[in-house]
Amino acid sequence: MSKNNKKKSKDLESDSNDLKKITKKELLHRAKKFSEQYCVGDDKDFTLKGKPTSHDGNEDKSVVKETLKMGVKALAAMQDTLYAQDKWSVLLIFQAMDAAGKDGAIKHVMSGINPQGCQVSSFKGPSSEELDHDYLWRCQKHLPERGRIGIFNRSYYEEVLVVRVHEQILKGQKIPEKLITKDIWENRFEDIRNFERYLNRNGTIVIKFFLNISKEEQKKRFIERVDNPDKNWKFSAADAKERGFWDDYMHAYEELIKNTSTKKSPWYVIPADNKYYARIVIASAIIHALDEMDLEYPKVSPEKIAELNEVKKALLNEKD
């Protein structure tokens, strides 16, 4: 091994060891600082142009994996407290172009979460029953209970994305014609802002992730899905067809992020060309949001502690 490679190996080993020594306080601080650079907040001048789709760093994969592992472990502990406290709930919304890595991000970032405290809902084209209701109805049915984390893989934001790109869909939604005006998208942005404000005021924190993949990376992943028999099921001709509307989708995403990102229900625009890096950003953002809730386990009364001690005493005095 060359001197340069030996030095690099030692540096990486040192980085990995340093990660393992991080205190909880330092981890929370890093998560906040790291995720904030991708948070849109209430920036009304937001533009998608120029936002990175990839990360330029050259971190070793083992260090990246160790970082993600730490984030997953921290999330599991915080989710346990969220579940026990049973007051707050969290709604995570994932939106992206096809092949951006939504499923993988959900799988890896939430891998340590207790299934009792987490629920995932995926939304495709609306059913006839769903079309007989307002467009928020089908998502409202899947909102997380107190103490739980709800995950929307796509969401009501499809109503200002695919429906905006393909306006013929709007005409098939049984909406009175006089309500389909030039202001319909602005009206829907307002509806969504108000809906998320309502959720926030009732103890549901909404965090939204746009996985920002480049058109070139999407093409690469599409080809991989065709070449790999185990991934053929993930791909359809319709996915490739939507690439033809790429610019329209980017405009729609820019508009919805600019009009629905707020300080309390922010959008995170995440570079998604590197899957591991994207997952670390997502984990960091969730950790930061949970930390701001000041979560704590329910306090037990002195009477309850006395009762528990009596139970313990009885157990210790049991005869085999």
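Structure: see above.
Quick caveat, the model's predicted, so the values are computed rather than measured.

**Side note on the overall build of the protein**
From N to C terminus, the protein includes 14 helices and five strands. Taking the principal axes of its C-alpha atoms as reference, the protein extends roughly 75 × 65 × 40 Å. Among the 320 residues that make up the protein, the fraction classed as buried is 45%. Across the protein, the fraction of contacts at a sequence separation of at least 24, relative to all contacts at a separation of at least 6, is 83%. Looking at the protein as shown, the accessible area adds up to about 18700 Å², and 49% of this sits on carbon and sulfur atoms. Across the protein, the centroid of the 57 positively charged side chains sits 4 Å from that of the 52 negatively charged ones.

**Section: helix α10 (residues 215–227)**
Compared with the 18 Å implied by 1.5 Å per residue over 13 residues, the 19 Å span of α10 between its first and last C-alpha is a close match. Those residues of α10 not exposed but buried are Glu217, Gln218, Arg221, Phe222 and Arg225. Viewed along the axis of α10, the buried residues span an arc of 140°, placing them on a single side of the element. What points out from α10, more than 90 degrees from its buried face, is the exposed set Glu216 and Asp227. Contacts from the buried residues of α10 go to α11 (237–242), α12 (246–260) and α13 (275–291).

**Digging into the pattern of salt bridges**
Any two side chains of opposite charge can pair if their charged atoms end up close together. In total, this model carries 12 salt bridges according to the counting rule given. For the salt bridge of Lys174 with Asp132, the shortest nitrogen-to-oxygen distance reads 2.8 Å. Residue Lys174 is found in the loop between α8 (168–171) and α9 (184–201), and its partner Asp132 is found in the loop between α5 (128–131) and α6 (137–140); the two are separated by 42 residues along the sequence. By relative accessible area, which is 54% here, Asp132 ends up exposed.

**Side note on a positive patch on the surface**
The grouping of Lys107, Lys231, Lys234 and Lys275 at the surface amounts to a positive patch. Tracing the chain through its elements places Lys107 in helix α4 (residues 102–109). Classification of Lys107 as exposed rests on a relative accessible area of 62%.

**Digging into the state of the cysteines**
Taken as a whole and assessed by the stated rule, the structure comprises zero disulfides. Considering cysteine sulfurs only, Cys139 is the nearest to Cys118, which forms no disulfide, with 16 Å between them.

**Examining α12**
For α12, with 15 residues, the first-to-last C-alpha span of 21 Å sits near the 21 Å given by 1.5 Å per residue. With respect to burial, α12 is a largely interior element, 11 of its 15 residues being buried. Of all the residues in α12, the buried ones are Trp246, Tyr249, Met250, Ala252, Tyr253, Glu254, Glu255, Leu256, Ile257, Asn259 and Thr260.

Basis of the calculations
- Residues numbered from 1 in each chain as written.
- Predicted model: local features only at pLDDT ≥ 70, side-chain atom pairs only at ≥ 80, totals over all residues.
- Heavy atoms only, no water.
- Helix = DSSP H or I, 4+ residues; strand = E, 2+ residues; numbered from the N terminus.
- Buried < 20%, exposed > 50% of the residue type's maximum accessible area, 1.4 Å probe, protein only.
- Contact = heavy atoms within 4.5 Å.
- Areas by Shrake-Rupley, 256 points an atom, 1.4 Å probe, with all protein chains shown as cover.
- Lys, Arg positive; Asp, Glu negative; His and termini not counted.
- Charge placed at Lys NZ, Arg CZ, Asp CG, Glu CD.
- Expected span 1.5 Å × (residues − 1).
- Arc of directions from axis to C-beta.
- Salt bridge = Lys/Arg side-chain N within 4 Å of Asp/Glu carboxyl O.
- Patch = residues over 30% accessible without salt bridge, like charges linked within 9 Å, V, L, I, M, F, W, Y side chains within 5 Å.
- Disulfide = S-S within 2.5 Å.

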